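Listed here are the chains, written in short residue letters.
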Amino acid sequence: MAPLGASVTITSFLPSLRSPQNLGTPVTFIAKASDSGSGPLAFQFSVSFNGGPYTTVQGFRGYPLEAGAASDIFVWGAALTEGSYSIQVTVEDFTSGQSAARTLNYKLNAIASGPNLVLTATSNPLVVLASGPSCPSGSSFSVEYRVAGTVAANYTNPIACDGTHSMNQYVTGLYADSSYKMDSVVSTGTTQVFGSTGASTSTASLPIGTTTFPPTKVITPAGAGVDPSIKNVLFSTYGSDEASSVFLPIMTDLSGNVQWYAALSDPFSSSVMTRLLPGGNLMAIRYGDVWNGSGNLNKGAASAGQTVEIIDPAGYLVQSTTTQAVAEALMSLGYAGTSHCSTVPTPVSIGTQCLASFDHEFLQLPDGNYLVLVEQESIFPPGTQGNTTTCTVSGSSVGCNVDIVGNCIVILDGTTLQPLWFWSPFEHDGAAELPITRPAINIGADVNNLCNDSGAGCAPVWLAGTTGVTVYANDWLHFNSAYYRQADGNLIISLRHQDWVALVQYQNGAGNGDVLWRLGCSPGLTPPVSPVCGDFTFNNVYNDVYPWFSHQHDVEIDANGDMTMYDNGNTRVYELGNSQNSRGYVINVNEVNFTVSPVLIQNLGYQSDALGSAQLLPDGNYFFQASDIIYASGVKVHDAPTHALEVQPTTGESGDILFDLKTTISYRGFGLPNLYDSFVQ
């Protein structure tokens, strides 16, 4: 307990560079604070432009006290509009409830002072900052760029002019060691006005030693029939080479040549890029520091899935927050079972619940708010889900309390990063929704249904293995994607370990979270699951031996109304053997008659144990990423590679594979015209 009159004091708050600076200049703000309580101290940084509302850029990150004090840094570089800014740090001791805040004013100057485009190099050799003069309100600004001496041009996404401020954009999708010609384009209706003179620049070489780029290899080159609009592949690579150098996410051309990479001061170690935003910002789930509260669990300073963040193409932070910041906010709103697991005292009792980590999905909704999945641990009585493990407690052998992991849905305000809506599967675990009595589907040697502190197969857990609790947690549902359906404002969730897809009643924040239907079926399993199937019947017009998907990833609704996903097929492989491959999977879902009809069920030639993504392309072809591959048509594959594939539908339920690009393990992949014109969620 904090001493009476405990207080938090900000002792210093200073920038690394004096104001003013030019746009695009990264400035590091260093905040230090003291605490007469026991700590830890958490720091949050927010930014206001020209006296407007504050946007939380770096959510609360916490640190234990050293000699009664702690500090944090905030690297600010994503602002691309000149003017006056206020940078605010808020420091809070969540144990005592005491906090303090301080604000610094800072000015950013325009780079372009005349009519011409000005190009500024960044720390990423494949990213250039292009700056142009202001343009009339109602018009838009973009940058045309091409390799010097060539005709074919690319364009950044158009951004709105306001008639006052200069226009600034990052240009990427560039080759290393190449010369480029760029020009500004101001569009008003159908009229385009180019700058009076263009600008030229040359890119540098890719860094050697500090950055490791994943290998790529073309298996099937892009030929006739591929979607002509697709020029790039974005890979969420995150593995490492033999020297344990971490691979960063990359974008390549269709020949595997790198045209962008995530240039970060700290790599995406064991973390994943989840979504690409229009304009080139990227969303990711990353490692993060854990600050312990009143509990006695200590898993070390860094843990997987503790941070979500958005970065711009140059690698600068746009927004971020932490699991513990979200947990603290949920508790303050009165949501039970939402404290961070690091703060839970042990031994734990039946009914204990806590939040462990962000996991698998982080995306932006159309209203600008964010959806993130958060793992939640819940302690159940011995025997739950058939668990017969025994524990030694006070010298006696007793049945272990069962740690079960579920996945919560949290909607965060896009400005403040505060929770707006919370959903827990443990509040919807009845027979008609997600029955707690239906454990994760048992497919033999698949240990991914069990989680422990190592994080093998799932995010690390905290309560498993503590006194009286099962050594492993049951990974009951394993949500691995979420999709917002604009037609009704509800959420479509992929439940890998149930071989189900479910519709959750979100209704743009007004829904009660009911599970409206479950889609999927796992026939023939030994032991069987109950219920065997969800709420839909498959119209098996092509007489598939195993028509249903299983252990699927990246479920979405396409513009044409069909449902796409990557069918990993783990349950099918378990039942039919390793000659089975994963499939590109497209179905038509009839929610009136509760029937499903096949559109495309494509044998992709590779068997993916986990990971994968699916995407409808503009011309009607499909892009699938097969990752974590362990077999190819029955032949063992090593090193868990990834293959980016384009499939052209033909007749029946299959198609032709027109393109195949190989790289190392990647969480998701996207076929793109460039980093700006993203048509993927």
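Structure shown above.
Procedures and definitions
Residues numbered from 1 in each chain as written. Predicted model: local features only at pLDDT ≥ 70, side-chain atom pairs only at ≥ 80, totals over all residues. Heavy atoms only, no water. Pairing = 2+ DSSP bridges. Helix = DSSP H or I, 4+ residues; strand = E, 2+ residues; numbered from the N terminus. Axes fitted to C-alpha atoms, helices over the stretch in contact; angles between N-to-C directions. Buried < 20%, exposed > 50% of the residue type's maximum accessible area, 1.4 Å probe, protein only. Contact = heavy atoms within 4.5 Å. Salt bridge = Lys/Arg side-chain N within 4 Å of Asp/Glu carboxyl O.

Trainee: What's the story with the sheet that holds strand S10 (residues 128-132) in this structure? I'm lost.
Mentor: Strands pair in a sheet through their backbones, by hydrogen bonds, and they do so in one of two ways: parallel or antiparallel. Across the sheet, three strands lie side by side as S9-S10-S14; this open sheet has antiparallel pairing. Each edge of the open sheet is held by one strand with a lone partner, namely strand S9 (118-121) and strand S14 (167-171). Sheet twist, expressed as the mean angle between neighbouring strand axes with direction ignored, is 25°. The pairing of S9 with S10 spans four bridges and is classified as antiparallel. Counterpart to Val118 in the pairing with S10 is Ser131.

Trainee: I tried to follow the side chain of Thr252 on my own but got confused; where do I start?
Mentor: Within the secondary structure, Thr252 is located in strand S20 (residues 250-253). You can call Thr252 buried: its relative accessible area is 0%. Apart from the residues within four sequence positions on either side, Thr252 is in contact with Thr216, Lys231, Asn232, Val233, Phe235, Asn257, Val258, Gln259 and Leu661.

Trainee: Where do I start with the pattern of salt bridges in this structure?
Mentor: Pairing between side chains of opposite charge can happen when the charged atoms of each approach one another. By the definition in use, this model includes 12 salt bridges. Note that Glu361 is salt-bridged to Arg275, the shortest N-O span being 2.8 Å. Highlighted residues: Glu361 in strand S26 (residues 353-364) and Arg275 in strand S22 (residues 272-276), separated in sequence by 86 residues. Since its relative accessible area comes to 0%, Glu361 is described here as buried. Its salt-bridge partner being Arg275, residue Glu556 comes within 2.8 Å of it at the nearest N-O pair. In this pair, Glu556 sits in strand S39 (residues 553-557) while Arg275 sits in strand S22, placing the two residues 281 residues apart along the sequence. Arg275 gets classed as buried once you look at its relative accessible area, which sits at 1%. In this structure, a network of salt bridges that share partners links the residues Arg275, Glu361, Asp554, Glu556 and Arg668.

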